[in-house]
Amino acid sequence: MSGGKGRLIAVSNRVGPIRDTPQAGGLAVALVDALRERGGLWFGFGGKLAAHPREAVQLDSFEGLHTATIELNTADYHSYYNGHANGCLWPLFHFRPDLVHYRRDDYAAYLRINQRFADALAPLLQDDDILWIHDFHLIPLASMLRARGCRQRIGFYLHIPFPALDLLLTLPNHLELLQQLSAYDLIGVQTPVNLDRLHDCFTHLLGLPQDGNCWQTATHTLRTGVFPVGIDVETFEGFATQPRAVRTVNRMRAELRNRTQIIGVDRLDYAKGLLRRLEAYERFLEQHPRAHGRVEYLQLAPVSRGEVGAYQDFREQMERDAARINGRYSRYDWTPLRYLNSPLSRATLAALYRASAIGFVTPLRDGMNLVAKEYVAAQDPEDPGVLVLSLFAGAAHQMNAAVIANPYDSDAVADALETARVMPLAERRERHAELLKGLHDYDARRWQHDYLDVLSQNP
Ligand code: GDG
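Novice: Would you explain the packing of aromatic side chains in this entry?
Specialist: Two aromatic rings, taken as a pair, are described by how far apart their centres are and by the angle between their planes. Under the counting rule described, the total for this entry stands at 23 aromatic pairs. For the ring pair Phe156 and Tyr184, a centre distance of 5.1 Å and an interplane angle of 40 degrees mean the geometry is tilted. Of this pair, Phe156 sits in strand E6 (residues 153–157) while Tyr184 sits in the loop between helix H6 (174–182) and strand E7 (186–189), and the two are 28 residues apart along the sequence. What makes Tyr184 buried here is its relative accessible area of 0%. Measuring from centroid to centroid gives 5.8 Å for Phe392 and Tyr408, while their planes differ by 75 degrees, and the two rings are edge-to-face. Separated by 16 residues along the polypeptide, Phe392 in the loop between strand E15 (386–390) and strand E16 (403–405) and Tyr408 in the loop between E16 and helix H14 (410–422) bring together distant segments of the chain. One aromatic cluster is present, built from ring pairs that chain together Phe45, Tyr77, Tyr80, Tyr81, Tyr107 and Tyr110. One cation-aromatic arrangement involves Arg277 over Phe360; the distance from NZ or CZ to the ring centre is 5.7 Å. The side chain of Arg365 reaches across the aromatic face of Phe95, ending 3.8 Å from its centre.

Novice: Just checking my understanding: could you explain unusual backbone geometry for this structure?
Specialist: Excluding glycine, residues mostly carry a negative phi; peptide bonds, for their part, are mostly trans. At Phe95, a position not held by glycine, the phi torsion is positive, near 65 degrees. By the element assignment, Phe95 lies in the loop between helix H2 (74–93) and helix H3 (104–121). With phi around 50 degrees, Arg305 is a residue other than glycine that occupies positive phi space. Along the chain, Arg305 turns up in the loop between strand E12 (295–300) and helix H11 (309–329).

Novice: How do you make sense of the sheet that holds strand E10 (residues 221–226) when you look at a structure like this?
Specialist: The mixed open sheet is built from ten strands, whose spatial order is E3-E4-E2-E1-E5-E6-E7-E10-E9-E8. Only two strands of the sheet have a single neighbouring strand rather than two, namely strand E3 (58–62) and strand E8 (210–211). Sheet topology note: the E6/E7 ladder contains three bridges and is parallel. Residue pairing in the sheet places Tyr157 in a bridge with Gly188 of E7.

Novice: Sorry, what's going on with the nonpolar core here?
Specialist: Soluble globular proteins: nonpolar side chains tend toward being buried together. The biggest cluster of nonpolar side chains holds 93 residues, and the ones touching the most others in it are Phe93, Phe117, Leu181 and Tyr281. Tallying contributions element by element places H2 first for this core, with eight residues. Inspection of this core shows a minimum of three residues originating in each of domain 1 (8–230 + 444–456) and domain 2 (233–441). Not counting residues up to four positions away in its chain, the partners in contact with Phe117 are Val11, Ser12, Asn13, Phe43, Gly44, Phe45, Ile70, Leu72, Leu138 and Leu141. If you look at the next biggest cluster of nonpolar residues, it comprises 58 residues, including Val15, Trp42, Leu256 and Ile263.

Novice: How should I be thinking about the site of the ligand in this particular structure?
Specialist: Taken together, 25 residues surround the ligand, and among them His159, Leu344, Asp366, Leu370 and Glu374 come closest. Lys272 has a polar side-chain atom sitting 3.0 Å from an oxygen atom of the ligand. Between the ligand and the protein, one listed contact pairs a nitrogen atom with a backbone N or O atom of Leu344 at 2.5 Å. Within the complex, the protein chains bury 96% of what would otherwise be the 730 Å² of accessible surface of the ligand. If you list the elements that add at least two residues to the shell around the ligand, you get helix H12 (346–354) and helix H13 (370–377).

Definitions and limits used
- Residues numbered from 1 in each chain as written.
- Predicted model: local features only at pLDDT ≥ 70, side-chain atom pairs only at ≥ 80, totals over all residues.
- Heavy atoms only, no water.
- Phe/Tyr/Trp six-rings, centres within 6.5 Å; stacked < 30°, edge-to-face > 60°.
- Helix = DSSP H or I, 4+ residues; strand = E, 2+ residues; numbered from the N terminus.
- Buried < 20%, exposed > 50% of the residue type's maximum accessible area, 1.4 Å probe, protein only.
- Lys NZ or Arg CZ within 6 Å of the ring centre and 35° of its normal.
- Pairing = 2+ DSSP bridges.
- Core = buried A, V, L, I, M, F, W, Y, C linked by side-chain atoms within 4.5 Å.
- Domains from an automatic or database assignment.
- Contact = heavy atoms within 4.5 Å.
- Near = heavy atom within 4 Å.
- Polar contact = N/O pair within 3.5 Å; in protein donor to acceptor, adjacent residues only side chain to side chain.
- Areas by Shrake-Rupley, 256 points an atom, 1.4 Å probe, with all protein chains shown as cover.

That's the geometry; what it means functionally is another story.
Shown next, in the form of structure tokens:
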């Protein structure tokens, strides 16, 4: 097997768009950063569905970023993406078995789409390429590439949490999933607790012999490791301080008239804890009448996976709860909550983070959560805001200087908001400096270097 001097081939469900602002979604943002830095090819679905998709791979390049994309069959894609990936694996891996819909037909489509990826990708590969496959949509891909004779080194990175053994057992094909994972040369996860859960399954369900982070399979040595995803800190700081952003921040501050702005930014997804977050904000308003008229909560929640049933129900409930809070507390001169579903540019987002004195990030379960990191990077170090962060975001493992709260305890989250609201400047600066140092120490570059270094080394 070859080492790591060749091209980097990054593979993810969706590629691009490479010419526009990246869409909402942490994976796209992190991958573009990694490929720009290292060079190589980004392979995946290009966004065009058809009853009879073209076999040919489309190649494209823009500012040093090369892509190879494929078209997919419409019906298969829906079963694979809305069905097995987002209707079964996503809720299961986020500890929501109540929302899991497993269907054999969806799983068959998931395998067919992965076969299609393997068929299109295998002929593009050179002997010394190194492959980095991303996320739960593509778990079987390494085993399928191996079946087509590919000998390159292949790594997998899981952006979302790995479930506890008991939960994984509820998946009818859990053994197959673990065998598919064991075909990789390296599996990376976000935090040590996810690694422990993965190890538990390898030991107790596959019975693989272990030596630290090395596992002996029938064919090769599989390695595992923790590689926390970081952001490109300088670029984000740059967004927040460019003249247009500064004008947005100033305008927003003038409109706020000394009110404290709380900001939440999440794909509209039940795992992000938005319903509990609204409940906690309502609790905060109940408990702190003096804050009425003095705080405003801006929640940005671009619509995501709108074709999956669980997301539609969740969206309706969000709208009801947001309306209830405003109905209960609004005054003619104050609206306590603004709730927006349309996506914004990254530059506007950075300006909004900077204009907000509190970053409100309380997922019920999250692989990492890049919003927590972006919020910190966008702050003015002289007068920084405070991050309120869920215990169950992977980011909490690295960001101890945030105000950490349990998202299932609405009183504790309400307390955390009040702690953040009244925190003295000296403490805000101290916490921010520590958080910012952590972002620099583990940024996007470090993430991809650490991962690709291990993948390139011989076990
Ligand atoms: C997965 C894991 C892990 C959001 N709204 C807008 C917008 N965004 C951007 C944010 C951020 C990204 O989307 C969201 O990233 P997260 O990390 O919070 O969450 P997921 O999308 O669920 O990502 C997650 C991540 O992968 C990386 O490993 O951290 O745990 O679930 O970058 O800024 N961007 C723009 N407009 C918006 O309205 N431009």
